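Structure assessment
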Amino acid sequence: MLQKQKTTKKIVSQQLPLILGKRAFGNIPKTPLKPLEGEFEKPEIITSTIPGPIGKRLIEDLGRIQEIRTIHFLVDFDRSFGNYVVDSDGNVLLDVFCHISSLPLGYNHPSMIKALRTRDAVQLAAHRPALGSLPNVSWGPKLHETLMKVAPEGLTRVFTCANGSEANENAYKTACMWYVNQRRGNKPFTDEEIQSCMLNKPPGTPSLSILSFEKAFHGRTLGALSTTRSKPIHKLDVPAFDWPVAPFPQLKYPLDQFVKENAEEEARCLSRTEEIIKSNKIPVAGMIIEPIQAEGGDRHASPDFFRKLRKIARDNGVAFIVDEVQTGVAATGNFWAFQKWGLDDQPDIVTFSKKSQIAGFFHREEYKMTAPYRNYNTWMGDPLRLLQFEVILNEINKDDQAMLRNVNITGNYLQDSLKELAKKYPHLMKDVRGDGTFIAFDSPTVETRNSIVNAIKLNGVELGACGDQSIRFRPSLVFAPKHASQFLDIFESTISKLK
Ligand SMILES: Cc1ncc(COP(=O)(O)O)c(C=O)c1O
């Protein structure tokens, strides 16, 4: 049996040149967020490799039955706390990646643990309902109290499911059904439609498309994968719909030095998008876009770009779907990242997952199903995940939204400090960008990027990569200025040793 190794307070293999108490990055700003009592003070690395010997053995064993080449290390959830993750070998790492942006309150948050120790939580864990047919008594009231409280204005309905791919997949179906229903004049299906759909033929299964953007990531199920354009490895050998792809702006940094070039780039992308919609041989029923293209390399566009894109969708009768799977739930400094755009006409559909724990999408009334069982499955989400979302929402709203303010304060501090570092180490980092703590920068090459991520892990930080040469920050919402300061110290001491 696996013996748990005791976490020692001593750093054995890596002497971190931490200048704790003395900081290289200006004054640490104050945060309104109350500190988590009992959190680790700093990372502690006790093995010479990560994974260490225990992790390696377990991973090797797992490798006999599952793919292991994507595994960073094994997590000991029991011993992890706050912003610090403990691995199978007792190493303590500062986690700024948080399970690919899906751990909003960090590890073992006291409010989360308290809520999961209740009778309600036990009942929900013991009986996962078929929500479309036999929802638990509290499902409706809880949806009103939680998800509908953060529903974008005018998006009066919510569909729930299990993950981001499924959210987008069902959103596409909803957009297509809405598109055809309008053209059918809201009339019943014809006999021809009913018969032809069983042969996967038109008119019952019409030829329609969902437009997405270069470098987009919207998931890996068949429909979602057809709109994913970030990396070939996700798509190779899998059949795909012949759906159109439009260019996403490639902005130049610093933004204030490339105002004209960036405006031209955005105008080019917008006009090409409209051209595609108007000329595509398969009618475009919907378009989907991320507020910040995350997996594709944290690519941003201006609020003006998104406002104009929304208008193009509206003018051309195309459903405007915003994918907030990675950007949603406060990390960008707004609850939803698209709130920054200042739209006067809200999106038609907004999808979510990751930090909300429960996945799904909000949609307008006119996108409501015309008949039952059109979008349906066994579980249709999970009330236990909704309970978790309730805890997260309560924490975000607590103390006059101290957590959201913390994200903005910490994010500004981290981003400003990284910009300073980029001036000092231009051969290692450039184009620091972000909103809230949803921050990234680029390395000159994929090799440099990977060597930073690998080296910093051995100094006690779990950091994320994205795109071809970007490093991304996806910390929890309890990541405070003091954690950012600690990160910056470790980061500089790590990169200063790289060529
Ligand atoms: C923007 C976006 N959409 C969709 C997905 C797919 O979500 P999931 O991995 O839960 O299927 C992801 C996952 O990273 C994502 O970042």
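Rules and cut-offs
- Residues numbered from 1 in each chain as written.
- Predicted model: local features only at pLDDT ≥ 70, side-chain atom pairs only at ≥ 80, totals over all residues.
- Heavy atoms only, no water.
- UniProt positions renumbered as here; feature names shortened; annotations may be inferred.
- Helix = DSSP H or I, 4+ residues; strand = E, 2+ residues; numbered from the N terminus.
- Buried < 20%, exposed > 50% of the residue type's maximum accessible area, 1.4 Å probe, protein only.
- Polar contact = N/O pair within 3.5 Å; in protein donor to acceptor, adjacent residues only side chain to side chain.
- Pairing = 2+ DSSP bridges.
- Contact = heavy atoms within 4.5 Å.
- Axes fitted to C-alpha atoms, helices over the stretch in contact; angles between N-to-C directions.
- Near = heavy atom within 4 Å.
- Areas by Shrake-Rupley, 256 points an atom, 1.4 Å probe, with all protein chains shown as cover.
- 1 Å grid on protein atoms, 1.4 Å probe; cavity = no way out; pocket = protein on both sides within 12 Å on 5 of 7 lines; lining within 4 Å.
- Sits in = over half its atoms within 2 Å of the grid points.
- Nonpolar A, V, L, I, M, F, W, Y, C, P; charged D, E, K, R; others polar.
- Parallel < 35°, antiparallel > 145°, perpendicular 65-115°, else oblique.
- Left-handed = near helix turned anticlockwise from the far one by under 90°.
- Domains from an automatic or database assignment.

Naming follows an unreviewed UniProt entry, where the protein chain appears as 4-aminobutyrate--2-oxoglutarate transaminase of Anaeramoeba ignava. Database annotation for the protein chain, UniProt heading Cofactor (unreviewed entry): "pyridoxal 5'-phosphate".

Considering the side chain of Asn 375
Secondary-structure assignment places Asn 375 in the loop between β9 (359-363) and α11 (383-424). We classify Asn 375 as buried; its relative accessible area is 8%. A polar atom in the side chain of Asn 375 sits 3.1 Å from the side chain of Lys 173. Among the polar contacts listed, one links the side chain of Asn 375 to the side chain of Thr 174, at a separation of 2.8 Å.

Quick notes on the sheet that holds strand β1 (residues 84-86)
If you walk across this open sheet you meet the three strands as β1-β2-β12, and the pairing is mixed. Of all strands in the sheet, those bounded by a partner on one side alone are β1 and β12 (461-462). Where helix α13 (residues 481-495) meets the sheet, its contacts fall on β1, β2 (92-95) and β12, and the angle it forms with β2 comes to roughly 110°.

Here we look at the site of the ligand
Of all residues adjacent to the ligand, which total 13 residues, the nearest are Gly 164, Ser 165, Asp 323, Gln 326 and Lys 354. A distance of 2.7 Å is found between a nitrogen atom of the ligand and a side-chain nitrogen or oxygen belonging to Asp 323. Lys 354 places a polar side-chain atom, nitrogen or oxygen, 3.1 Å from an oxygen atom of the ligand. In isolation the ligand has 390 Å² of accessible area, and contact with the protein removes 84% of it. Judged by the fraction of its atoms near the pocket grid, the ligand is located in the largest pocket. Ranked by residue count, the leading element in the shell around the ligand is helix α6 (residues 164-183), at three residues. In terms of residue class, the shell around the ligand is made up of two nonpolar, seven polar and four charged.

Brief notes about the sheet that holds strand β14 (residues 470-473)
Two modes of strand pairing occur in sheets, parallel and antiparallel, and in both the strands are linked by backbone hydrogen bonds. The strand order β10-β11-β14-β13 describes an open sheet built from four strands, whose pairing is antiparallel. Here the strands that pair on one side only, and so sit at the sheet edges, are β10 (430-435) and β13 (464-466). Put simply, the sheet's adjacent strands are angled 25° from each other on average, direction ignored. The pairing of β13 with β14 spans three bridges and is classified as antiparallel. The residue bridging Gly 464 from the neighbouring strand is Arg 472, located in β14. Along the sheet, helix α12 (residues 446-458) contacts β13 and β14; its crossing angle with β14, the most-contacted strand, is approximately 40°.

Some words on the packing of α12 against α13
In the contact formed by α12 and α13, the axes pass within 10 Å of each other and the chain directions differ by 120°. By the criterion of interaxial angle, the relationship of α12 to α13 is oblique. For the pair α12 and α13, the crossing hand works out as right-handed. Along the contact surface, α12 presents Ile 452, Ala 455 and Ile 456, while α13 presents Phe 487, Ile 490, Phe 491, Thr 494 and Ile 495. For the contact of α12 with α13, a count of residues per class yields seven nonpolar, one polar and no charged.

Things to note about the domain arrangement of the protein chain
Taken domain by domain, the protein chain holds domain 1 (1-91) and domain 2 (119-389). Between the C-alpha centres of domain 1 and domain 2 the distance comes to 36 Å.

Structural notes on the environment of Lys 340
Within the secondary structure, Lys 340 is located in the loop between β7 (319-323) and β8 (349-352). Look at Lys 340 and you get partly exposed, because its relative accessible area is 41%. Counting along the chain gives 49 residues from Lys 340 to Pro 291, while the straight-line C-alpha distance between them is 9.4 Å. Engagement of the side chain of Lys 340 in a polar contact is seen with the side chain of Asp 435, the distance being 3.0 Å.

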